[in-house]
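# Structural overview for review
What follows is the residue order along each chain.
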Amino acid sequence: MIPFKKISLYALLIFFTIVMMFPIVYAFLISFMQSGEVLEGNLWPSEFNFSNYQKAFEQVPLFKYLTNSFVVSITVTIGQLIVSSLAAYAFVFIPFKGRDIIFFLFISTMMIPWEATMIPNFFTVQNLGWLNSYAGLTIPFFALAFGTFLLRQHFKTIPKELHEAAQVSGVGRFRFFFHIVLPVSKSSLITLAIYSFLTTWNMYLWPLLITNDEKVRTVQIGIKQLQSQEVASEWGIVMAAVVIIIIPTLLLLYMSQKRLQKGLTQGAIK
Amino acid sequence: MKRKINKKRITRSSFGAGMLYLLPSILLFGIFLFYPMFKTLYLSLFWTDTQGNPVQYVGLENFMYLFESPSFMTSIKATLLFVLYTVPVGIVLALILALLANENVKGIGFFRTMFSSTIGMSVAASSVIWMLMYNPAIGIFNKILSAIHLPELQWLLDPDYALISVAISTIWMNTGFSFLILLGGLQNIDERLYENARIAGVGTWYKLRNITLPMLSPTLFFVVTVSIIGAFQSFGQIDILTGGGPMESTNVIVYAIYKDAFINYDVGLASAQAVLLFFCILFVTILQFKIGERRVHYQ
């Protein structure tokens, strides 16, 4: 490439990196500032110490919220993996009458915005006694059409003959599913797991609706609570909490960006 | 004859097995998606008590009320403006990032990772950060404005600027996702097309207009649809940044549904709005399928 072209490419890349990263870096810098420095509008903290981080854990039960978010996200991830992989297996390996209708049913779920169903869902969860519980935060999200389609794409690459041979030699369907299909589809399962974890960790509206105390409340609601308590003076503490809650998902993203890109593109186009 | 019976038995047994594997999904979709969707349609035709129980059948009265309510019209306007503010700019920005990050130069992996960062940022955390940046007294935006001798703005507190401010933060939040999908689309384009173009000696613009964009169009179209639907569903940033205000200027539809159902306890009215949201999104999705289908014939 011509040097001039290369230099301007790098200049643009760096410019957009600064634009995209600015809010994150800003939060990080503010998280080390005392309230006076924030009020002066400084951009660089006078010293880097972790007192705001310590205070964030003291002001709200941040540790409890983090634990809750981990429990909820991991439960939904496992639930979605199990439910989606079972469905995808049926769609690929078990031909039966009416399967196409059910497949269409799965597609149609993608046309229903979750927000249009939240009112009856709230009352359902209330009637089940699941308000303020992990069950209410997780079980409604176990079925996922996107996850089923993503896994189906991968399962389809497994030769049908292998399945037939297994059936002839008396290997049961579930054993085939568990010992052959799942292990060879490991990479798709991991992609789906990352996607599930990220979306669940970042969920906002549903936890806001069905939790009203700290017992199962997630960090996303916790940060809103902290922000509305502290907004007047202690931005440093609020930003420390922000940094704490974005670290798990940012790390996960940075470790898996390539894989996620491949998985999402596949799910998107096919 | 015997064969036939055998075959029938196999079909029946695989029906049972198939359903067994599909049962968890079907049950969950039934309880938490299809049933509540029909229930929402049903409730939208009723006056309800504060517990959400239907009290009196009123036909389309909830809808008539909505279309005569200035508050609902404000909400519709805010929602459509929000789509208009966020989608085109968001897509163009993500496309520029994807085109830049698709060049194979040293260290490009780092830039790709940075550009996709916002996927790891929750709406709540992002909104709290933007709230500080928009703060009229201490936020960075007013510092910049006053540094270049422009009048300071009230951002989220000004009815004329609040929706645009929320839209800017939303564009940032969504860029990572759109970028990643578009980059995937770019990388799927056949290298040979570019090889041929290079041999033919065509310019960068020509390549972009005649190879890249046409080949990318299915992906681009998908991203547009997802962005429109996402804009219709926005909630978290509104709840944290503005609470629907000032003067209802940011009271987008999902926020209006939330407020009517869970703060004003008017479940019937909220359901009617949810039904309208459903039809809007259905319309966009069907449009995607139709146009997506037509595109296949082009190729």
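The rules we used
Residues numbered from 1 in each chain as written. Chains lettered and ligands numbered in written order. Predicted model: local features only at pLDDT ≥ 70, side-chain atom pairs only at ≥ 80, totals over all residues. Heavy atoms only, no water. Pairing = 2+ DSSP bridges. Helix = DSSP H or I, 4+ residues; strand = E, 2+ residues; numbered from the N terminus. Phe/Tyr/Trp six-rings, centres within 6.5 Å; stacked < 30°, edge-to-face > 60°. Buried < 20%, exposed > 50% of the residue type's maximum accessible area, 1.4 Å probe, protein only. Salt bridge = Lys/Arg side-chain N within 4 Å of Asp/Glu carboxyl O. Axes fitted to C-alpha atoms, helices over the stretch in contact; angles between N-to-C directions. Parallel < 35°, antiparallel > 145°, perpendicular 65-115°, else oblique. Left-handed = near helix turned anticlockwise from the far one by under 90°. Contact = heavy atoms within 4.5 Å. Nonpolar A, V, L, I, M, F, W, Y, C, P; charged D, E, K, R; others polar. Buried area = accessible area lost by both parts, 1.4 Å probe. pLDDT = per-residue confidence, 0-100. Patch = residues over 30% accessible without salt bridge, like charges linked within 9 Å, V, L, I, M, F, W, Y side chains within 5 Å. Areas by Shrake-Rupley, 256 points an atom, 1.4 Å probe, with all protein chains shown as cover.

## Quick notes on the pairing of strand β2 (residues 54-57) of chain B
All names here are of chain B.
- Two elements, strand β1 (residues 46-48) and β2, share three bridges in a ladder whose sense is antiparallel. Considered in β2, the bridge of Phe-46 is made with Tyr-57.
- Two successive antiparallel strands, β1 and β2, enclose a turn made up of five residues, where Gly-52 displays a positive phi of approximately 85°.

## A closer look at the packing of aromatic side chains
- Scanning the model with the defined rule gives 47 aromatic pairs over all chains in all.
- Arranged with centres 5.0 Å apart and planes meeting at 70°, the rings of A:Phe122 and B:Phe262 form a pair that is edge-to-face. One end of the pair, A:Phe122, is in helix α6 (residues 118-127); the other, B:Phe262, is in helix α11 (residues 253-262), on a second chain. The residues A:Phe122 and B:Phe262 share a single accessibility class, namely buried.
- Put simply, the rings of A:Tyr89, A:Phe93, A:Phe174, A:Phe176, A:Phe177, A:Phe178 and B:Tyr21 pair up and form one aromatic cluster.

## Remarks on the pattern of salt bridges
- Taken as a whole, this structure holds three salt bridges over all chains when the rule is applied.
- The salt bridge partner of A:Lys224 is B:Asp239, with a shortest N-O separation of 3.1 Å. One end of the pair, A:Lys224, is in helix α13 (residues 219-230); the other, B:Asp239, is in helix α10 (residues 236-241), on a second chain.
- Note on A:Lys224: relative accessible area 22%, which makes it partly exposed.
- With a shortest N-O distance of 2.8 Å, B:Arg192 and B:Asp190 are connected by a salt bridge.

## A look at the packing of helix α1 (residues 3-30) of chain A against helix α4 (residues 108-115) of chain B
- It is at 9 Å that the axes of α1(A) and α4(B) come closest, and there the two elements cross at 30°. Classed by the angle they form, the pair α1(A) and α4(B) counts as roughly parallel. Viewed along their axes, α1(A) and α4(B) form a crossing whose handedness is left-handed. Of α4(B), the residues touching α1(A) (which contributes A:Tyr10, A:Leu13, A:Ile14, A:Phe16, A:Thr17, A:Met20 and A:Met21) are B:Ile108, B:Phe111, B:Met114 and B:Phe115.
- Tallied by class, residues from the contact of α1(A) with α4(B) come to ten nonpolar, one polar and no charged.

## So, the interface of chain B and chain A
- With 92 residues of chain B in contact, the opposing surface of chain A contributes 92 residues.
- Taking both partners together, chain B and chain A bury about 8,000 Å²; carbon and sulfur atoms supply 79% of that area.
- Sorting the residues of chain B by area buried against chain A places B:Tyr21, B:Phe32 and B:Phe262 first, and these three jointly supply 10% of that buried surface.
- Run the count over chain B and chain A and you get one salt bridge.
- A per-element tally of the side of chain B that touches chain A places helix α1 (residues 2-43) of chain B first, with 21 residues.
- Grouping the amino acids of the side of chain B that touches chain A by side-chain chemistry returns 59 nonpolar, 27 polar and six charged.

## Thoughts on the confidence of the model for chain A
- With 96% of its residues at a pLDDT of 70 or more, chain A has an overall mean of 90.
- Looking over chain A, one finds the lowest element-wise mean pLDDT in helix α2 (residues 35-40) of chain A, namely 82, and the highest in helix α7 (residues 134-138) of chain A, namely 96.

## Details of unusual backbone geometry
Residue and element names in this part refer to chain B.
- The amide bond that connects Gly-245 to the next residue, Pro-246, takes the cis arrangement and shows omega of -15°.
- A positive phi angle is found at Trp-155, which is not glycine, with a value near 50°.
- Positive phi, normally seen in glycine, also occurs at Glu-248, with a value near 60°.
- Among the secondary structure elements, Glu-248 is positioned in the loop between α10 and α11.
- A residue is classified by how much of its surface remains accessible, and Glu-248, at 30% relative accessible area, is partly exposed.

## Observations concerning a nonpolar patch on the surface
All names here are of chain A.
- Taken together, the side chains of Phe-70, Ile-74, Ile-78 and Ile-82 present a nonpolar region at the surface, about 350 Å² in accessible area.
- Inspection of the secondary structure puts Ile-78 in helix α4 (residues 62-93).
- Exposure remark for Ile-78: the relative accessible area of 45% places this residue in the partly exposed category.

## Some thoughts on the environment of A:Arg173
- Residue position: A:Arg173 is located in helix α10 (residues 173-184).
- We classify A:Arg173 as partly exposed; its relative accessible area is 22%.
- As a C-alpha pair, A:Arg173 and A:Met118 span 55 residues in sequence and 37 Å in three-dimensional space.
- Residues contacting A:Arg173, with those up to four places away along its chain left out, are A:Tyr89, A:Ile94, A:Gln167, B:Ser14, B:Ala17 and B:Tyr21.

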